[in-house]
Amino acid sequence: MRMKISNTIQPKNLIIVSILITLVFTTHLHGAQIHWEPIGFSAGGLFLVIAVDPVETNVVYLGADVSGLYKSVDYGESWKHINVGLESREIASFAINPSNHLHLWTGTPMGLYSSQDGGESWSLVDADIRCFKQANHKGITISPDGQTILVASHYLEGDADAEEGDFNGKLYRSSDGGASWAVVQEFSGKRIPSVMFDPYTPEQAFLLVAGQGILRSTNGGQTWEDFSEGLPSELNWKNLDVGKTVIYATATFTKPYKSSKDTASWESIRADLPEEEKDDYAADAICVSPADDNIVYLGQAGWPSVFYKSTNGGKNWQGNEVPDDYMFDTI
C-alpha cells in the first residue's frame, strides 16, 4: 500500500492526500495547526494514486488497487467511477498531460491506458507497458509540452498476476505524445518505483531504482547517469519530489534524503523525526511546496501514522497524527 500527495494547493486552501485504507482527508491550514477530517467516501481496496487537475482545481482523480479510477468535480465531496474501457481495476500509476488537462494516462498490470476526455472513456495504448501496485509509486511523468512521456514499467518471470516476486524494471519513453514507445533502461531484479520530470528545468528528469540508487537525465530521459553521491547503497527507494533548487527522496525504514539538483550532494534530513525503528517508522510520500523549497510535507507509514510538515528544508518537523484508525501504509 502507499500514498501519493498532490503538490497543488487549491483555492479552498486544501491539501488532499490519499490515506490508504479507504478514506481521503483534507487538511485546513490555520497557522501552525493542521487539522484532519474525512471528506467523503469509503470503498473497498486501497487508494494508491491521487491527482488534482491543474486547470479545473475542483476536479480530483483517485485510483484504487481493486476498484479502478474515481473522479470528483467538487473538491472531493462526491465521487463517481470512471472505468469505461479499462480492463484492469488495479491502478498503479496516473498522470495528467500538462499541455492538455483532459488527456490522462494510467498504468495497470494489463497495460498502459490513455483518456482524451477527462477519464470518461479509456483506450489501451500498449499492453506490454505494465504497472503493478507492488512496484510503482510515481510511475508516469510527462514533459510540459506533453510530447515526452516516461513510464516505469515492470515484468515478472512466470505469473504476471503474482502478488510477490522479483520485479524487473523497464523504463519506457515516448517522444511523440504516446504514439510510439522505446525501452531506454532495464533493471533486472529491481523495481523503479518513481520517475519524475523536473518542473523547473527543461529536459531534466530523475529516476529511483530500488536497491541501486538515483539516476538523472538531462536530455529528456534518453540517457541516464548516476546521481547517488552521498547515499547508502541498497535502499528500498519509494518516492521523490523536485523543487526549484533541491530534490527530496524517501526510502522504506529510513529517514528522507535531500540534495541539490545541480550536483548530487545527498544528506539525511533526520532532525526531530522519530528514531529509526523497522516496525514503527517508514518515510513514504514526500511533497515540496511549489512556492518554497523549504516547505516540505512527509507521510509516515506505520502506527500511529503521522503527517509531517517542515518549513526549513527538513531541519525540523511538526507532526500531526492521522485520526482514528486510518494510517499511511506501504508495500
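Rules used throughout
- Residues numbered from 1 in each chain as written.
- Predicted model: local features only at pLDDT ≥ 70, side-chain atom pairs only at ≥ 80, totals over all residues.
- Heavy atoms only, no water.
- Helix = DSSP H or I, 4+ residues; strand = E, 2+ residues; numbered from the N terminus.
- Polar contact = N/O pair within 3.5 Å; in protein donor to acceptor, adjacent residues only side chain to side chain.
- Contact = heavy atoms within 4.5 Å.
- Salt bridge = Lys/Arg side-chain N within 4 Å of Asp/Glu carboxyl O.
- Buried < 20%, exposed > 50% of the residue type's maximum accessible area, 1.4 Å probe, protein only.
- Pairing = 2+ DSSP bridges.

Topic: the environment of Thr-223
Along the chain, Thr-223 turns up in the loop between β18 (213-217) and β19 (225-226). Sequence separation between Thr-223 and Gln-185 is 38 residues, and the spatial gap between their C-alpha atoms is 8.3 Å.

Focus: the side chain of Ser-174
Locating Ser-174 in the fold gives a position in strand β14 (residues 167-174). In this structure the side chain of Ser-174 is engaged in a polar contact, spanning 2.8 Å, whose partner is the side chain of Asp-176. What Ser-174 contacts, discounting residues up to four positions off in sequence, is Gln-147, Thr-148, Ile-149, Ala-179, Ser-180 and Trp-181.

Looking at the pattern of salt bridges
Going through the model one piece at a time under the given rule, you end up with six salt bridges. Where Lys-133 meets Asp-65, a salt bridge forms, and the shortest distance between an N and an O atom there is 3.0 Å. With Lys-133 in the loop between β11 (123-126) and β12 (140-142) and Asp-65 in the loop between β5 (60-64) and β6 (69-72), this pair connects stretches of sequence that are 68 residues apart. Classification of Asp-65 as buried rests on a relative accessible area of 7%. For Lys-138, the salt bridge is made with Asp-241, and the minimal N-O distance between the two is 3.9 Å. Of this pair, Lys-138 sits in the loop between β11 and β12 while Asp-241 sits in strand β20 (residues 237-242), and the two are 103 residues apart along the sequence. Like Lys-138, the residue Asp-241 is buried in the burial classification. Overlapping salt bridges, with partners in common, bring together Lys-71, Lys-80 and Glu-120 in one network.

A short note on the pairing of strand β4 (residues 47-52)
With six of six residues buried, β4 is to be regarded as a mostly interior element. Bridge analysis of β4 against β5 gives five bridges, and the strand direction is antiparallel. Each residue of the ladder has a partner; that of Val-52, found in β5, is Val-60.

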